[in-house]
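# Breakdown of the fold
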Amino acid sequence: MRLGSGAFAASCVAIEVIGVAIFIRGFFPAPVRSSAGPEHGVETPAPEPMAGASSNWTKLPSPLFNKVVIVLIDALRDDFVFGSKGVKYMPYTTYLVEKGASHSFVAEAKPPTVTMPRIKALMTGSVPGFVDVIRNLNSPVLLEDNVIRQGKAAGKRMIFYGDETWLKLFPKHFVEYDGTTSFFVSDYIEVDNNVTRHLDKVLQRGDWDVLILHYLGLDHIGHISGPNSPLIGHKLSEMDSILMKIHTSLLSKERETLSPSLLVVCGDHGMSETGSHGASSTEEVSTPLILISSAFERKPGDVRHPKHVQQTDLAATLAIGLGVPIPKDSVGSLLFPVIEGRPMREQLRFLHLNTLQLSKLLQENIPSYEKDPGFEQFKMAERLHGNWVKLHLEENHSDILLGLGTKVLRQYLGALKTLSLSLSTQVAHYDIYSMAVGTVVVLEVLILFLLSTPHVLCRKAELDVPLLSPVFSLLFYMIFLVLSAIHVLVCTSSESSCYLCSLPWLAAGGVMVLVSVLLCAILSALIRMVIDGTLLKKRAAHPGSGWSEVDLLLLLGTVGHVLSLGASSFVEEEHQTWYFLVNTLCLALSQETCRSYFVGDDCEPQHHFQVEEQGCSDILASTLLDSTSYNTPEPVRTGKGASLSEAQGSCKWWTVLASPWLVLICCRLLRSLNQTGVQGAHRPDLSHWLTRGIIEARFVYVFVLGILFTGTKDLLKAQVIATDYKTRTIGLWEIHSGLVLLAALLLRPHNLPVLAFSLLIQTVMTKFIWKPLRHDAAEITVMHYWFGQAFFYFQGNSNNIATIDISAGFVGLDTYLEVPATFLTVFGTYVGPVLWASHLMHFLSSEASNGPALSRACFCYALIGSVPVATYIVLVTSLRYHLFIWSVFSPKLLYEGMHLLITAALCAVFTATDQTRHTRA
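Remember, predicted model here, so these are calculated numbers, not experimental data.

On to the packing of aromatic side chains. One pair of aromatic rings is described through two measures. These are the centre distance and the angle between the planes. Applying the stated rule across the entire model yields 24 aromatic pairs. When the ring of Trp-770 is compared with that of Phe-843, the centres are 5.6 Å apart and the planes differ by 55 degrees; the resulting orientation is tilted. Residue Trp-770 is found in helix α32 (residues 752-773), and its partner Phe-843 is found in helix α35 (residues 831-845); the two are separated by 73 residues along the sequence. Comparing Trp-770 with Phe-843 shows no difference in burial state: the two are buried. Plain terms: the ring middles of Tyr-785 and Tyr-861 are 5.7 Å apart, the flat faces sit at 75 degrees to each other, and that makes the pair edge-to-face. Taken as a pair, Tyr-785 in helix α33 (residues 777-794) and Tyr-861 in helix α36 (residues 853-878) lie far apart in primary sequence, 76 residues in all. For the pair Tyr-785 and Tyr-861, a shared accessibility class is recorded, and that class is buried.

Strands sit in the order β5-β4-β6-β2-β7-β8-β3-β9 across an open sheet of 8 strands; the sheet is mixed. In this open sheet, the two edge strands, each paired with only one partner strand, are β5 (176-180) and β9 (307-310). For this sheet, the mean inter-axis angle between neighbouring strands, taken without regard to orientation, is 15 degrees. When strand β7 (residues 262-266) meets strand β8 (residues 286-292), the two strands line up antiparallel, connected through 4 bridges.

Further remarks concern a nonpolar patch on the surface. On the surface, a cluster of nonpolar side chains totalling about 650 Å² of accessible area is made up of Trp-547, Leu-552, Leu-555, Leu-556, Val-559 and Leu-563. Structurally, Trp-547 is set in the loop between α23 (534-541) and α24 (549-564). Taking the relative accessible area as the measure of exposure, Trp-547 reaches 61% and is therefore exposed.

Applying the stated criterion to the full structure yields 17 salt bridges. We note a salt bridge from Lys-379 to Glu-382, for which the minimum N-O separation is 3.7 Å. With a gap of 3 residues between them, Lys-379 and Glu-382 both fall in helix α16 (residues 373-393), about one helical turn apart. Looking at Lys-379, the relative accessible area reads 33%, which means it is partly exposed. We note a salt bridge from Arg-595 to Glu-549, for which the minimum N-O separation is 3.2 Å. Pair noted here: Arg-595 is in helix α26 (residues 574-598) and Glu-549 is in helix α24, with a separation of 46 residues, a long-range link. You can call Arg-595 partly exposed: its relative accessible area is 31%. By relative accessible area, Glu-549 is classed as partly exposed at 41%. Three or more residues joined by partner-sharing salt bridges are found here, namely Arg-77, Asp-79 and Glu-273.

Now for the nonpolar core. One finds Phe-27, Phe-449, Leu-585, Ile-761, Met-765, Trp-786 and Phe-787 to be the most contacted residues of the largest nonpolar core, which totals 126 residues. The element contributing the most residues to this core is α36, with 14 residues. Counting 70 residues, the second-largest nonpolar core is a separate cluster that includes Val-127, Leu-289, Val-309 and Leu-322.

To continue, consider unusual backbone geometry. Of note in the backbone geometry, Lys-172 takes a positive phi value of approximately 65 degrees without being a glycine. Mapping Lys-172 onto the fold places it in the loop between α8 (165-169) and β5. On the basis of relative accessible area, Lys-172 is assigned to the exposed category, the value being 78%.

Quick look at the environment of Ser-102 now. For Ser-102, the location among the structural elements is in strand β3 (residues 102-108). For Ser-102, a relative accessible area of 1% translates into the label buried. Between the C-alpha atoms of Ser-102 and Pro-337, which are 235 residues apart in sequence, the distance is 9.6 Å. Once residues lying within four places of it in the same chain are set aside, the contact partners of Ser-102 are Leu-96, Val-97, Ile-290, Leu-291, Ile-292, Phe-296, Arg-298 and Arg-304. Separated by 2.5 Å, the side chain of Ser-102 and the backbone oxygen of Leu-96 make a polar contact.

Rules of the game
- Residues numbered from 1 in each chain as written.
- Predicted model: local features only at pLDDT ≥ 70, side-chain atom pairs only at ≥ 80, totals over all residues.
- Heavy atoms only, no water.
- Phe/Tyr/Trp six-rings, centres within 6.5 Å; stacked < 30°, edge-to-face > 60°.
- Helix = DSSP H or I, 4+ residues; strand = E, 2+ residues; numbered from the N terminus.
- Buried < 20%, exposed > 50% of the residue type's maximum accessible area, 1.4 Å probe, protein only.
- Pairing = 2+ DSSP bridges.
- Axes fitted to C-alpha atoms, helices over the stretch in contact; angles between N-to-C directions.
- Patch = residues over 30% accessible without salt bridge, like charges linked within 9 Å, V, L, I, M, F, W, Y side chains within 5 Å.
- Areas by Shrake-Rupley, 256 points an atom, 1.4 Å probe, with all protein chains shown as cover.
- Salt bridge = Lys/Arg side-chain N within 4 Å of Asp/Glu carboxyl O.
- Core = buried A, V, L, I, M, F, W, Y, C linked by side-chain atoms within 4.5 Å.
- Contact = heavy atoms within 4.5 Å.
- Polar contact = N/O pair within 3.5 Å; in protein donor to acceptor, adjacent residues only side chain to side chain.

Okay, here's the thing in structure tokens:
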């Protein structure tokens, strides 16, 4: 079966996407869960421990609070309340923290620090899976046991106003609600006013038990202008006045009912120094948790510093406060200061219920639970608790009873801490089977790429893919039967459920067929290579071909980058690797231009450069000329036997010699535009000087609208079916221009220099490097890939989820639309790689007789994008128990998966363009 190299590469990358998807599904499995499903009624609580006679207390104690109000302020960082900003902008809240009847904590949120997983953690007490960062855009119904479900089962009337994510997670749970979209980040006023407008009315009523308010404005301000924006102070003051209104209203109601209420102030996650969130920096994981109630006694002069707790501790505390069972999947501990004012018997009862729930979860998820220190502490505490209850029922109020009660309390608290830590560290069991199958698919594709490389780069850009004969061979059926037997064996004997085992038998069989076909194709290609002697023929056909310094640099740099992914520091600071590579490439190109001018390929002195016929008097003029003139230029040659003096036209020698250094200067300026990574993210950068106000932004918008008008006219002409080379070239240039215009619209104003420098470097490299030096398609493709990766980091991105700018997804939208917003966000994030790939396609297709250059480029682009993905999933599998697996390696895996998906889309465009050209030629 004969395929063009472009079609072959696009097919392989599509298969690789399937393999990576299977691997990611196995690598990000579900956290520990209780085997008992959520029930529809309030379950019977466990009895009180007893030594001897039966207990007279078999029910849950009464609720601690009459009403509970939860105010969740999105992206509320701990220093916004407990730091200088809290003192300045939230005086009432600061007074309650320092002198009021309250308990303050710094609650640690686990990554990913995005809204939906954090709400799940707050209400279920469990640690959500890392893959929930993907589901954050479209939250599914929460099926796990949670405080909201338990409250509804107990007859609690609950009201909600705010982020509609709650309504997706808990449908039909609230008797009254009003949701607002959380993704339209340009709005930070109406999104909160829609919540506050209900307050006066609902606070005057008494027909509710739980009121939940989720304010989004602070998070939106962070996404727009960062944590140091003046808007932050105004929003904190607004939140402080709202908290004062709620608290004073609750106090007035308490005077009537004589029963205490609880006001909970918390954040779902923090805010990074760039205003985003999603990763594991201190600013993103540290959130305030303030519990305010008249039930909390506080003596004058009692100074309390916020204690550090886990965000998952709130679920158990709310359950006890509402008098409902603790969620079965909760790994959190009851916040003891909430109950320390209660009688000793109630304190022990609450701690026993929490510890018993954690011990059951431990037994269901850890086979050797009996040896766990926390379980041993729990059993000891339960025995002591039984003795205490016996003495208490005998009305023994001696000091012995008090001392024993204190000892039981300490034992329970120690058991809670140990059990919670054990369950939190056992957050997930890897789906090794799915990971293995995904890895096999990806490695098989990579091997096919490598075996096909000599055919693509050294012969015609067509491949005789050995596909049909292996499919109908005995070897294929044997491999398929063996893999099917392994699949059945794993799915029937495995204790934990596997993703592949949950698939329908037809889908699982398709995966086995795919693995078998790829393996047979690899074996067939290897046999053919041995029989035909491909490598020997290649050397005989090209005896004079060799590796230049640039070729060696491109190869060694690519291999070096792939190897660097095995270290967490290199993953965190990957931008430094790409900066080093593109800078070294500029130096190598400078050396090549100097040698071509002064020595020449034939070792004869040269005295002038010869470049394309349209001249090079001005770089900007050349860029403008490219958009209007489409004269047939000199083709890109795969061989390098000629010197620059043989090219058509002429140009001043210094422009070519200076071009690599101009590119180097541009790259250095771009490095200072956006400080990224982990180590240097806090350093001042040039972007701070470019975001001064809205006047400059409005000027940029007017300028972009003018460009869009011209670009729209050109894009409409590109819709005409191309019938010749010139029309097709115009269409490709307009597609590239349209992407540039879209990038100019989506990028932050301070990042527009990134786009300008990208266009400048593309022009310089085209006019003075690639055409005069006659680099072949493979070299040009690798250079485009390198510059695309470097520009990904130049615009401020990193392997940290917090650097994703979701505001790009809402430019031009007045409401949240999931599909357009997702597309715009992805494009805004990967502007660099996409624009450089688009330029590569236009550059190669603009050559009059490029032959198979575009097919070779598609193959090389797919290969260089597949190597790091295949290598990284092997590395991340071996490092799955590394200390930084969730904070460093896991986000990088998601980035690699998305990058591979974009590579597959680009390869499809390459192939469609190339096939159209051959069809109409």
